[in-house]
Amino acid sequence: MRTLTYSLLLVVLVATVGLGWLFDQLYDQYNTAEYSKKTDAINVLEQLGVELAATLNDMENRAEFVQQWQERKSALTPSTLDANPLGYVLQLLPMEDIPLPKALLKEIQQGNPLLLETNDSLAFYFYLPKRAELLILKSPMLTMSKNEKSMNYVFTLLFYLALVLLFIVWVYPLVRQLHQLRKAAKSFGQGQLQQRISHSSLPYIRDIEVEFNHMAQRIEDLIADVKLLSSAVSHDLRTPLARIRFGIDTLQEEEDPILRRQFEQKISDNVDEMTSLVETLLTYSRLDQAMLELEHDQINLSYLINNSIALSKTGSTEITFYHSKYDVYINADQRYLAMMVNNLIANAIRYGKGIVSVDLHVEHEVIKLVIEDNGPGVSTAQQEKIFLPFVRGSHNEVANTKGHGIGLAIVKRIVEWHRGTITVSHSHALSGAQFTIELPKN
């Protein structure tokens, strides 16, 4: 979900900031061209006023010329100006009739045209030095053309289209995978427990796919465990119950005190066996609840394995621990990690013939723990089933050893909690079983 959140923030930033900046640049280039046209129009108008001022400065019949201008102004209007020709006005006024600041009057008297702008018009002031008069050329305001207004709408429309298109590109894979997720969840609810969703190439929705497949696999494993537990309970409890029943019936008919005590002891042993089985079942059933309470801390795995070896080692067993000179740390739950290591080392000691090898190293941010022994090993046919609850090896040494076959099932469950894998194979070095665990450091 973190990747999904980051990708959404990135799309929002690109959509709002990136597209906004891009269209601002395009709009500025377009406005620069339009502004250049307006500037050209103003320059033409100014040049016209300069020529008129120079002509009127030497004319005697200035009023008549202005009157004729007013009557024929449409013919003198610059064609490049995008305005109504009828809006141009030409006036001659004495200097004293114009209420302008002294600074502006001084600038006009030096021969510089003065441009004044109002809400609805532009006015150029030109000085006629021989007559001490001001020529005023008024033009309507150069408003935005229809073409310019339409281009503003086009730019706005393009921006929103690009914005929508960007979000569609981002949302479409998510919607498609959510549709597949809905379809898979529906099939899963109808009993097709093997249903999974394929991983897409986009990283920001891969977490959802991985989590769904992990959940589906866990549910499938739980249902398989329930089936195994029910069959194991029906088998393993039936035998001691039959023995207890037989012992009670025999005890009722037996008069010899010594034999009675022997039967009582057998009944007690069968009760202990049933109690041990029930406690094992309860321990295994609590594992899923314990998964919700995992506490991830930085654990010194090298120290934890050393401590487990020291507690498990006996005088008749030789345990060799191979590891680098640097301690290996992992982000995991210390309680269950210790349970995992203790179970594997205890199994290697129990089923081995006195030699156990433990190897710990790191490969590309993956921690590998390899535990080998020189016992009978695990047959190829049993390697796929050995991690199931209540499944034990087929060798005579294993069959004659007490236990319920729940230890490796617990180990596999702990490894899966920490997003790791565990496999069993034949040990080429010691000729026994080899258990290989791979765990991510984080």
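Keep in mind that what you see is a predicted model, and the values were worked out from it rather than measured.

A.B. asks: Which residues make up the overall build of the chain, and what values do they have?
C.D. replies: The helix and strand inventory of the chain stands at 12 helices and 11 strands. For the chain, the residues scored as buried account for 37% of the 442 residues in total. The long-range fraction of contacts in the chain, counting pairs at least 24 apart against all pairs at least 6 apart in sequence, stands at 65%. Just so you have it, the chain exposes about 26700 Å², and 56% of that area is on carbon and sulfur atoms.

A.B. asks: Any details on the side chain of asparagine 270? Residues and values, ideally.
C.D. replies: With respect to the element layout, asparagine 270 can be found in helix α7 (residues 257-285). Residues contacting asparagine 270, with those up to four places away along its chain left out, are Pro240, Arg243 and Ile244.

A.B. asks: Report on the packing of helix α10 (residues 334-351) against helix α12 (residues 407-417), specifying residues and quantitative values.
C.D. replies: Direction vectors running N to C along α10 and α12 enclose 140°, while the axes themselves pass 9 Å from each other. In the packing of α10 onto α12, the handedness of the crossing is left-handed. Residues Tyr336, Met339, Met340, Asn343, Leu344 and Asn347 of α10 pack against Gly407, Leu408, Ile410, Val411, Ile414, Val415 and Trp417 of α12. Of the residues that constitute the contact of α10 with α12, the class distribution is 10 nonpolar, three polar and no charged.

A.B. asks: Residue-level account of the sheet that holds strand β1 (residues 89-94), with values.
C.D. replies: One open sheet accounts for four strands, arranged β1-β4-β3-β2; its pairing is antiparallel. Each edge of the open sheet carries a strand with a single partner, namely β1 and β2 (114-117). Looking at each pair of strands side by side, their axes are set apart by 25° on average, direction ignored. Note: strand β3 (residues 121-128) against strand β4 (residues 133-140), eight bridges, orientation antiparallel. Across the sheet, phenylalanine 124 pairs through a bridge with leucine 137, a residue of β4. Sitting on the sheet, helix α3 (residues 102-109) touches β2, β3 and β4, and the angle it makes with β3 is about 60°.

A.B. asks: Give me the confidence of the model for the chain: which residues, what numbers.
C.D. replies: When pLDDT is averaged across the chain, the result is 77; 76% of the residues are at 70 or more. The model gives residues 76-86 a pLDDT under 50, and that stretch makes 19 contacts with residues more than four places away or in other chains.

A.B. asks: Explain the packing of aromatic side chains residue by residue, including any values.
C.D. replies: Evaluated as defined, the whole model comprises three aromatic pairs. Arranged with centres 5.9 Å apart and planes meeting at 15°, the rings of phenylalanine 124 and phenylalanine 126 form a pair that is stacked. With respect to class, phenylalanine 124 is no different from phenylalanine 126; both count as buried. Ring geometry for tyrosine 336 versus tryptophan 417: centroids 5.4 Å apart, planes at 85°, classification edge-to-face. Here tyrosine 336, found in helix α10, pairs with tryptophan 417, found in helix α12; they are 81 residues apart in sequence, far enough to count as distant. Pair check on accessibility: tyrosine 336 and tryptophan 417 agree, each one buried.

Calculation rules
- Residues numbered from 1 in each chain as written.
- Predicted model: local features only at pLDDT ≥ 70, side-chain atom pairs only at ≥ 80, totals over all residues.
- Heavy atoms only, no water.
- Helix = DSSP H or I, 4+ residues; strand = E, 2+ residues; numbered from the N terminus.
- Buried < 20%, exposed > 50% of the residue type's maximum accessible area, 1.4 Å probe, protein only.
- Contact = heavy atoms within 4.5 Å.
- Areas by Shrake-Rupley, 256 points an atom, 1.4 Å probe, with all protein chains shown as cover.
- Axes fitted to C-alpha atoms, helices over the stretch in contact; angles between N-to-C directions.
- Left-handed = near helix turned anticlockwise from the far one by under 90°.
- Nonpolar A, V, L, I, M, F, W, Y, C, P; charged D, E, K, R; others polar.
- Pairing = 2+ DSSP bridges.
- pLDDT = per-residue confidence, 0-100.
- Phe/Tyr/Trp six-rings, centres within 6.5 Å; stacked < 30°, edge-to-face > 60°.

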